[in-house]
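# Remarks on the overall topology
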Amino acid sequence: MSIAAATILRLFREAGRGFVSGELISRELQVSRTAVWKHINGLRAAGYKIEAIPSQGYHLLSSPDILSLEEVREKLNTTRIGRQLVCLPETVSTNADAFHLAEEGAEEGTTVIADAQNGGKGRRGRVWSSPAGVNLYCSVVLRPEIMPHEAPQLTFLSAVAVARAIEGTTALNPEIKWPNDILINGRKVAGLLNEMSAETDRVNFVILGIGANLNMTQAQFPADVRSPATSLLLEQGLPVNRAQFAARMLGELDRLYMDFLQHGFGPVRDEWQQRCNANGREVVVSEAGVETVRGMFDGIDGDGALMLRFPDGTVERILSGDVRVV
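Reference entry: report on the structure contained in this document. (Residues numbered from 1 in each chain as written. Predicted model: local features only at pLDDT ≥ 70, side-chain atom pairs only at ≥ 80, totals over all residues. Heavy atoms only, no water.)

Our next topic: the overall build of the protein. Looking only at helices and strands, one finds nine helices and 14 strands in the protein. In terms of overall size, the protein behaves like a compact globule, its C-alpha atoms giving a radius of gyration of 22 Å where 326 residues would be expected to give roughly 20 Å. Seen along its three principal axes, the alpha-carbon backbone of the protein occupies a region of about 80 × 45 × 30 Å. Split into buried and exposed, the 326 residues of the protein put 49% on the buried side. (Helix = DSSP H or I, 4+ residues; strand = E, 2+ residues; numbered from the N terminus. Rg over C-alpha atoms; globule rule 2.2 N^0.38 Å. Buried < 20%, exposed > 50% of the residue type's maximum accessible area, 1.4 Å probe, protein only.)

Next comes the structure, spelled out in structure tokens:
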């Protein structure tokens, strides 16, 4: 988006529901009234509905559902997450972009959002379908002063943040599946992928990768999708404003992360467990599609490992695998 277009949108935001005069826009941009008209038409072509009334000026009626820097930042209210924001029309992977930025010294909270990915990936290298114009693909740089073995705890922050954002923007009731899937009615609506750079005794940075299916239609899901998938659109029959969802999710993540830094993993762990789909139920753990063990879900420990209780009362820590509720 051009500087002129961004300036006009800022003037619309400052005016609220009021009009912005062509004279004011002309003065701000230091261009002629004819040039102002061209910029207004450019915004209209991008999907902004703008009313023009002689002697009153211009009035913004509605904005398109785009993940532009201006649209997300306008709705964002955070302390640390998203202070540095990168919005891309397309990329290979937001995680890869954020990882590169972190290696170059990007500050904590730097956030990369893309409208589309052509190399999105999920856990264990699985493909994450990332079409344009419908979903949220987002990665956040964090630099917590924690030990490397504690870094997996941050996955649980992401999961709770996404669940909260869904509740805050829809009437749906999400559940969390260990370790990193968000479900609605048993179908996956979001996934998380964290990556880390660390030394023996310290974390350099962690990348929180978040992919959420917002307005994806059934026809847009790959035929070979590995698990039942859905979107907020399919579940509620109404589209979600992606910029609003992104801002809400980043806001929730910001609050959870600040709380994590102050109080540790305990509060996040408690909320995660309340939201888990396996509470009090028998689960099966599989590796490569082959069942390895089954038992009663007994929560997660301080490192985020799944605790599996057997009939004889013994408990086993599960560090990896696919979990299915029996």
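Next, the rest of the story.
Of note, Glu175 is situated in strand S6 (residues 175-177). Not counting chain neighbours up to four residues away, the residues in contact with Glu175 comprise Asp181, Ile182, Leu183, Arg275 and Asn277. (Contact = heavy atoms within 4.5 Å.)

The subject of this paragraph is the packing of helix H6 (residues 153-169) against helix H9 (residues 266-275). It is at 10 Å that the axes of H6 and H9 come closest, and there the two elements cross at 55°. By the angle between their directions, the pair H6 and H9 is classed as oblique. The element H6 and its partner H9 pack so that their crossing is left-handed. Here H6 contributes Phe156, Leu157, Ala159, Val160, Ala163, Arg164 and Glu167 to the contact with H9, which in turn contributes Val268, Glu271, Trp272 and Arg275. (Axes fitted to C-alpha atoms, helices over the stretch in contact; angles between N-to-C directions. Parallel < 35°, antiparallel > 145°, perpendicular 65-115°, else oblique. Left-handed = near helix turned anticlockwise from the far one by under 90°.)

This part is about H9. Of all the positions in H9, only Val268, Glu271, Trp272, Gln273 and Arg275 are classed as buried. Elements in contact with the buried residues of H9: H6, S6, helix H8 (242-263) and strand S11 (290-300).

Moving on to the side chain of Asn95. Within the secondary structure layout, Asn95 lies in helix H5 (residues 94-103). Dropping the residues within four chain positions of it, Asn95 is found in contact with Ser139, Leu193, Glu195, Ile207, Leu208 and Gly209.

Glancing now at the nonpolar core. Counting residues in each nonpolar core, the largest one holds 64 residues, and the members touching the most others are Leu136, Phe245 and Trp272. When sequence neighbours within four positions are dropped, the list of residues in contact with Leu136 reads Leu67, Ile113, Ile210, Gly211, Ala212, Leu214, Phe245, Ala246 and Met249. (Core = buried A, V, L, I, M, F, W, Y, C linked by side-chain atoms within 4.5 Å.)

Residue Pro179 follows Trp178 across a cis peptide bond; omega there is -5°. As for its position among the elements, Pro179 is in the loop between S6 and strand S7 (181-184). The backbone of Ser55 shows a phi angle near 70°, a positive value even though the residue is not glycine. With respect to the helices and strands, Ser55 occurs in the loop between strand S1 (49-53) and strand S2 (57-62). Under the relative-accessibility criterion, Ser55 is labelled exposed at 83%.

Turning next to the state of the cysteines. Within the structure shown, the criterion is met by zero disulfides. Cys138 carries a free sulfur, and the closest cysteine sulfur to it, the one in Cys87, is 9.0 Å from it. Accessibility expressed as a relative area gives 1% for Cys138, which makes it buried. (Disulfide = S-S within 2.5 Å.)

Here we take up helix H1 (residues 3-15). The α-helix winds at 3.6 residues per turn, so residues separated by three or four positions along the chain end up facing the same way. Between its first and last C-alpha atoms H1 spans 18 Å; for 13 residues at 1.5 Å apiece the expected length is 18 Å, and the two agree. Listing the buried residues of H1 in full gives Ala4, Ala5, Ala6, Thr7, Ile8, Leu9, Leu11 and Phe12. Of the residues trailing H1, Gly16 is marked for its positive phi of about 65°. (Expected span 1.5 Å × (residues − 1).)

What follows covers the packing of aromatic side chains. One pass over the full model with this rule turns up five aromatic pairs. Measuring from ring centre to ring centre gives 4.9 Å for Phe99 and Phe205, while their planes differ by 75°; the resulting arrangement is edge-to-face. On the criterion of sequence distance, the pair formed by Phe99 in helix H5 and Phe205 in strand S9 (residues 203-212) is long-range, its members being 106 residues apart. The class of Phe99 is partly exposed, set by a relative accessible area of 23%. Ring geometry for Tyr257 versus Phe260: centroids 6.4 Å apart, planes at 20°, classification stacked. Of this pair, Tyr257 and Phe260 both sit in helix H8, three residues apart, roughly one helical turn. A relative accessible area of 1% means that Tyr257 is categorised as buried. Phe260 sits in the buried class, given a relative accessible area of 5%. (Phe/Tyr/Trp six-rings, centres within 6.5 Å; stacked < 30°, edge-to-face > 60°.)

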